[in-house]
Amino acid sequence: MWRQHRYKMLFSLLLLLSGLLLAVNSGNAKLSNEFDWLDVLGEGTTLLVAIGWLGLIISSRPAGRVTEWLYYGSLLLVYSYFLDLLDEFIRYPEHLRLMSWLESLPAPVGMLILTYGLVGWHREQRAINRQLRGRELFLRDHQLIDPLTQLYGIEYLQAVLQREIELHQSQHKALSLLVLDIDNFAGFNRRHGMAAGDTYLSRLSELLSSQLRHSDLVCRYAGDRFIALLPNTALPQAQIMAQHLRQQLSQLADAQHEPVLTLAEMAVQQHSAQAALQQAATVMAQAKTAGAVTLQPS
Amino acid sequence: MSRRHFGYQDKVLLLQHGSTELLALAQRRGAVLHKLLSGTGIFEQDLHKPLGRLHHTDWLTLLQNCRQQVQSPELPYLLGSALLNSRYISLCQSLQYAKNLRQALAQLYYFRHQLFPCFYIRLYQQQHCIVLEFKPALGLANQQAFMLTVLCSLLLGLIKQQLGTLSGVSLQLQQSAESPALQQQLFGGLNLSFNQVANSLSIPLALWQQEFNHANAAEFNAARRTCRQLNHVLPKQRALPESVCRLQRRALPQLLNQEQIAAALGLSSSSLKRQLSQHQTNFASLLDEVRRDAARQLLRQGNYSNRQLALKLGYSDEHNFRRAFKRWTGLIPSSFKGLFNFN
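- An unreviewed UniProt entry lists chain B under the name Helix-turn-helix domain-containing protein, from Rheinheimera lutimaris.

- Labelled according to an unreviewed UniProt entry, chain A appears under the name diguanylate cyclase, originating from Rheinheimera lutimaris.
- Turning to chain A, the UniProt annotation filed under Catalytic activity (unreviewed entry) states: "2 GTP = 3',3'-c-di-GMP + 2 diphosphate".

**With respect to the overall build of chain B**
Line of reasoning, step 1. Along chain B, the regular secondary structure elements total 17 helices and nine strands.
Line of reasoning, step 2. What you see for chain B is a C-alpha radius of gyration of 21 Å, in line with the 20 Å of a compact globule of 343 residues.
Line of reasoning, step 3. Taken along its principal axes, the extent of the C-alpha atoms in chain B is 60 × 50 × 40 Å.
Line of reasoning, step 4. The burial tally for chain B puts 54% of its 343 residues in the buried class.

**Overview of the sheet that holds strand β4 (residues 217-222) of chain A**
Residues and elements named next belong to chain A.
Line of reasoning, step 1. Pairing is antiparallel across the open sheet formed by four strands, whose spatial order is β4-β5-β3-β6. Edge positions in the open sheet fall to β4 and β6 (261-267), since each of these has one partner strand only. The mean angle between the axes of side-by-side strands here comes to 20°, regardless of whether they run parallel or antiparallel.
Line of reasoning, step 2. Relative to strand β5 (residues 225-230), strand β3 (residues 176-182) is paired through six bridges, and the arrangement is antiparallel. Residue pairing across strands places L177 opposite L229, the latter belonging to β5.
Line of reasoning, step 3. Relative to the sheet, helix α6 (residues 154-171) contacts β3, β4 and β5, its axis offset from that of β4 by approximately 130°.

**Focus: the packing of aromatic side chains**
Residue and element names in this part refer to chain A.
Line of reasoning, step 1. Applying the stated criterion to the full structure yields 13 aromatic pairs over all chains.
Line of reasoning, step 2. For the ring pair F35 and W37, a centre distance of 5.6 Å and an interplane angle of 90° mean the geometry is edge-to-face.
Line of reasoning, step 3. A ring pair is formed by F188 and Y200, whose centres lie 5.6 Å apart and whose planes are at 50°; its orientation type is tilted. Placement of the pair is F188 in helix α7 (residues 185-192) and Y200 in helix α8 (residues 194-211), with a sequence separation of twelve residues.
Line of reasoning, step 4. Residue classification places Y200 among the buried residues on the basis of a relative accessible area of 5%.

**Concerning unusual backbone geometry**
All names here are of chain B.
Line of reasoning, step 1. Even without a glycine there, the phi angle at N195 is positive, about 55°.
Line of reasoning, step 2. Positionally, N195 belongs in the loop between β7 (191-193) and β8 (199-204).
Line of reasoning, step 3. For Q280, which is not glycine, the phi torsion reads 55° and is therefore positive.
Line of reasoning, step 4. Structurally, Q280 can be placed in the loop between α13 (269-278) and α14 (283-301).

**Digging into the interface of chain A and chain B**
Line of reasoning, step 1. In this assembly, 17 residues from chain A lie in contact with 18 residues from chain B.
Line of reasoning, step 2. When residues of chain A are sorted by the area they lose upon contact with chain B, P147(A), R190(A) and M194(A) head the list and together hold 38% of the total.
Line of reasoning, step 3. At the boundary of chain A with chain B, the tally comes to three salt bridges.
Line of reasoning, step 4. Across the salt bridge formed by D198(A) and R28(B), the nearest N and O atoms sit 2.6 Å from each other.
Line of reasoning, step 5. Seen at the junction of chain A and chain B, the total is three residue pairs in polar contact (both at pLDDT 80 or more).
Line of reasoning, step 6. For the side of chain A that touches chain B, the secondary structure elements donating two or more residues are α6, α7, α8 and β4 of chain A.
Line of reasoning, step 7. A class-by-class count of the residues in the side of chain A that touches chain B yields eight nonpolar, three polar and six charged.

Cut-offs and rules
The numbering scheme is per chain: residues are counted from 1 as the chain's sequence reads. Each chain gets a letter, beginning with A, and each ligand a number, beginning with 1, in the order they are written. Confidence filtering applies because this is a predicted model: local features only for residues at pLDDT of at least 70, side-chain atom pairs given and counted only at 80 or more, and all residues used for totals across whole chains, interfaces and linings. Derived side-chain values reflect all non-hydrogen atoms in the structure, with water molecules and hydrogen atoms excluded from consideration. UniProt positions are given in the numbering used here, feature names are shortened, and annotations may be inferred rather than shown by experiment. Starting at the N terminus, helices and strands are each numbered in turn, a helix being any DSSP run of H or I of at least four residues and a strand any DSSP run of E of at least two. Between the two quantities, the radius of gyration covers C-alpha atoms and the globule rule is 2.2 Å times the number of residues to the power 0.38. Burial here depends on accessible area, computed with a 1.4 Å probe over protein chains only, as a share of the maximum for the residue type. Under 20% is buried, over 50% is exposed, and the range in between is partly exposed. Pairing between two strands requires that DSSP report at least two bridges joining them. Axis definition: a line fit to C-alpha positions, over the contact stretch in the case of helices; interaxial angles, taken between N-to-C directions, run 0 to 180 degrees. Whether two residues are in contact is decided by their heavy atoms, any of which lying within 4.5 Å being enough. Ring pairs are drawn from Phe, Tyr and Trp, using the six-membered ring of Trp, whenever the two centres fall within 6.5 Å, and their geometry is named by plane angle: stacked under 30 degrees, edge-to-face over 60, tilted for the rest. Note on definitions: buried area is the accessible-area loss of two parts on being combined, 1.4 Å probe, summed for both. The working definition used for a salt bridge is a side-chain nitrogen of Lys or Arg within 4 Å of a carboxyl oxygen of Asp or Glu. In protein, a polar contact means a hydrogen-donor-capable atom and an acceptor-capable atom, both N or O and within 3.5 Å, with residues adjacent in sequence counting only if both atoms are side-chain atoms; elsewhere, any N or O pair within 3.5 Å suffices. Just so you know the grouping, Ala, Val, Leu, Ile, Met, Phe, Trp, Tyr, Cys and Pro go in nonpolar, Asp, Glu, Lys and Arg go in charged, and all remaining residues, Gly too, go in polar.

So this is what it looks like as structure tokens:
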């Protein structure tokens, strides 16, 4: 990420260097017994923290408007704190006001700019949240995201499902689940290679999260099983959605109609996430045997 | 002695036997190649050389890097099945064409130095099952659980592919369950238990002789020939801790001291000590481990008195044995036996 910000870094270095040159030129060094070490410690720490902010911004944010605000705000803070630290070692002549202005003015301006940047960041986060809908419900924990499909896994689903069950039951609303299973995915991996399997999974997860509503949540329950949580949805509605999904999913299969997907829907009546997920496994097993029966020539 | 052990400097692993699969899996999950390779001594341009090699410590560093960069609990399972189905590993190809599980596992065990030789196996029979107990053959540090999962995923994948069922197979793991539901899902329809005394996989007798789906003697022999040819470039050698345990185990009830073992392995006593410490272990704890396993096995087999056990394990008297046994299991031998008879 920092490679995007080379010019910014160069500019900051030049700015700090010019500050240093200015200070050295206009003042003369203090004797070592005049140093106030407590002040040096306090101001040094502040400076280090501000530099740490700059580093974090550079290393984690892509270039853009919000980044510029955040960056230049913090840079002004760094500049101000830097001069502040320098004056512990350098004494300026009484008549020169420039240095004390340079010390105290950039900090508040920098704070204002930084605040403006934070407001922008807040807006941006809201936009990202909108973008994430269908992949995330009330909880966020980036360690639980599956890096391949960018969906949450089983632990996340258990936590969210428990909360949703309690909410829905207290409000007497219907909650449904869609369970999607890839038949014999290990076989698919074996025939087409692991890379093809991984590509298929990520395409499938893209399609799933784009085809469901914003309020729904898709999770990767196991290697080859996905579960979608449909809040506020009764079984008939879930069946319609499942039908719609089946049509969409048929696009994904290749020429040999591989791999075969099984999709089942269920209404959650259980009182715990554990029981509901067990029920989901049973429903899936039933759907698979039913599918096997219909495929046999009669 | 033909069975050599490998030192710290020896490059005993082929890049094509695992590393390329692992790297591909991690890269598809968003990891960056140069970060994965950092600190490993593997060069990017070597990755596609057919006989490129690496140290076993490089492999451990590589695993560490992968786990840092890719937060994916399914990684070891995928690696196991990728290894099993890799076209570059003739050993794994040969497993698929074996006559039955017995032949496949014998083949895997004989040529195990061609994959990552991090576990060795002790076999015993228990009721209607044959149990494979996995012992770490070298210092794996904190990668042991990962490698064990890779191995189990490979074995279970083989059984599932070739026999179509996992019924009756059960897996006991020493580690505590981090997320049992997830592990259960990933292993798929297997009897799984945690916090056990040993890492072991028990397979019903019926499965051992059942014919494999793709059994093919000609293909098997061809693949085995390739494995033998590979033995010329990749000589059969074991990790040092494994060799030490093997020697000590054979010598029981006599106890070998460090000099004797070092002499048998063609090392000086101090370099044995140094090399063991590179595997994060030492001579005394290996000796202790050998005796612990032997004691467990003897108790499982028959009804020995403490005195007999102490003699068989080279303890000077039964009190010392009792004390050691209490340290290993937290139980005195008699209650351990009781535990066994009731089951």
